[in-house]
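Per-entry structural report
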Amino acid sequence: MKRYVILISGRGSNMEALLDAALPGLCAAVISNRPDAAGLAAAASRGVGAVAIDHRGFASREAFDAALAAEIERHAADLVLLAGFMRGLTDSFVHRYAGRLMNIHPSLLPAFPGIRTHARALEAGVRLHGCSVHFVTPALDGGPIVAQAAVPVLAGDDEASLGRRVLDEEHRLFPRVARWFLEERLHLVGARVQLAGETAVGGALHVPHAL
Ligand code: GAR
């Protein structure tokens, strides 16, 4: 059975969705760079080892990433899932876990990398927003996209309401993608990701929709 670890920095709702999805793998640990992350208690309450490695205790990014990698190695993880892990990783860490490091990001990449994605989507006036799961490369939120979920931007939306609608989809998307990885159905072909057994679905979402 494949082993995975989840890295968090805060609330951990995506982590909870992953743990509750009964994935075909073993969650060996949840690791946070912040000792006060609420998600640590949620992991422990599900019987998963919860570890805090406080980044403030390290003199450099390299030193923190080395400690993080050592902890991941201790759990012999095949897959590392960034679920609201809000800390930049060094290139050497990213290279070490190339092809087995995935992140969920709250936008339809390559639109709105970085932070404040819902506010920026509203400012830009987009009609469709959403979330993306991608393999991590050194480029910020720039690696090969595995899957995306789109939601409409509604007339009365503010940052909170739009963010909630996206978060609901994050909770569906990330476990689905993690399952595909654990089932060995994902293959990187150049910059694109192929899913074994993918079925073509046509149609389109038109927003706004009026007859
Ligand atoms: C999620 O919306 C996730 O997509 C985002 O942080 C939130 C964490 O919430 N991640 C990023 O912005 C990474 N660039 P959670 O702790 O409840 O899962």
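Further up the page is the structure itself.
Residues numbered from 1 in each chain as written. Predicted model: local features only at pLDDT ≥ 70, side-chain atom pairs only at ≥ 80, totals over all residues. Heavy atoms only, no water.

To continue, consider unusual backbone geometry. Looking along the chain, the bond that leaves Leu109 and enters Pro110 is cis, with omega of 10°. Mapped onto the fold, Pro110 is located in the loop between β5 (101-105) and α5 (117-124). The amide bond that connects Val207 to the next residue, Pro208, takes the cis arrangement and shows omega of -5°. With respect to the helices and strands, Pro208 occurs in the segment after β9 (192-195). Even without being a glycine, Phe112 presents a positive backbone phi close to 55°. Unlike most non-glycine residues, Arg116 shows phi in positive territory, near 55°. With respect to the helices and strands, Arg116 occurs in the loop between β5 and α5. (Helix = DSSP H or I, 4+ residues; strand = E, 2+ residues; numbered from the N terminus.)

Mapping Arg87 onto the fold places it in the loop between β4 (79-82) and α4 (91-96). Although Arg87 is buried, it makes no salt bridge; Asp65 carries the closest opposite charge, 5.7 Å away. (Buried < 20%, exposed > 50% of the residue type's maximum accessible area, 1.4 Å probe, protein only. Lys, Arg positive; Asp, Glu negative; His and termini not counted. Salt bridge = Lys/Arg side-chain N within 4 Å of Asp/Glu carboxyl O.)

Now for the pairing of β5. Along β5, five of the five residues are buried, which leaves the element largely enclosed by surrounding structure. Note: β4 against β5, three bridges, orientation parallel. Its bridge partner being in β5, Val80 is matched across the sheet by Leu101. (Pairing = 2+ DSSP bridges.)

Turning our attention to the site of the ligand. What surrounds the ligand is the set Arg11, Gly12, Ser13, Asn14, Gly84, Met86, Ile104, His105, Pro106, Leu167 and Glu170. Here Arg11 contributes a side-chain N or O atom positioned 2.6 Å from an oxygen atom of the ligand. Here an oxygen atom of the ligand sits 2.7 Å away from a polar atom, N or O, in the main chain of Gly12. The set of elements that each furnish at least two residues to the shell around the ligand consists of α1 (13-19), β5 and α6 (159-182). A class-by-class count of the residues in the shell around the ligand yields four nonpolar, five polar and two charged. (Near = heavy atom within 4 Å. Polar contact = N/O pair within 3.5 Å; in protein donor to acceptor, adjacent residues only side chain to side chain. Nonpolar A, V, L, I, M, F, W, Y, C, P; charged D, E, K, R; others polar.)

Bringing the sheet that holds β5 into the picture now. Strands sit in the order β3-β2-β1-β4-β5-β6-β7 across an open sheet of seven strands; the sheet is mixed. Strands with a single pairing partner mark the edges of an open sheet, and in this sheet they are β3 (50-52) and β7 (145-152). Neighbour-to-neighbour, the strand axes of this sheet turn through a mean angle of 20°, independent of strand direction. With four bridges joining them, strand β1 (residues 3-8) and β4 adopt parallel strand pairing. Counted as the bridge partner of Tyr4 is Leu79 from β4. The strands that helix α2 (residues 38-45) touches are β1, β2 (26-32) and β3; relative to β3, the one it contacts most, it runs at about 155°. (Axes fitted to C-alpha atoms, helices over the stretch in contact; angles between N-to-C directions. Contact = heavy atoms within 4.5 Å.)

Enumeration according to the criterion identifies eleven salt bridges in this entry. A salt bridge links Arg74 to Glu71, with the shortest nitrogen-to-oxygen separation between them at 3.0 Å. Here Arg74 pairs with Glu71, and both are found in helix α3 (residues 61-74), just three residues apart, close to one helical turn. Relative accessible area serves as the criterion here: at 59%, Arg74 is assigned to the exposed category. Under the relative-accessibility criterion, Glu71 is labelled buried at 11%. Across the pair Asp157 and Arg165 runs a salt bridge whose closest N-O atoms are separated by 2.8 Å.

A separate point is the packing of α5 against α6. Between α5 and α6, whose axes approach to 9 Å, the crossing angle comes to 115°. By the angle between their axes, α5 is roughly perpendicular relative to α6. Seen from above, α5 lies across α6 with right-handed handedness. Taken together, the residues of α6 that come into contact with α5 (itself represented by His118, Ala119, Ala121 and Leu122) are Glu159, Leu162, Gly163 and Val166. Its residues assigned to classes, the contact of α5 with α6 shows five nonpolar, two polar and one charged. (Parallel < 35°, antiparallel > 145°, perpendicular 65-115°, else oblique. Left-handed = near helix turned anticlockwise from the far one by under 90°.)

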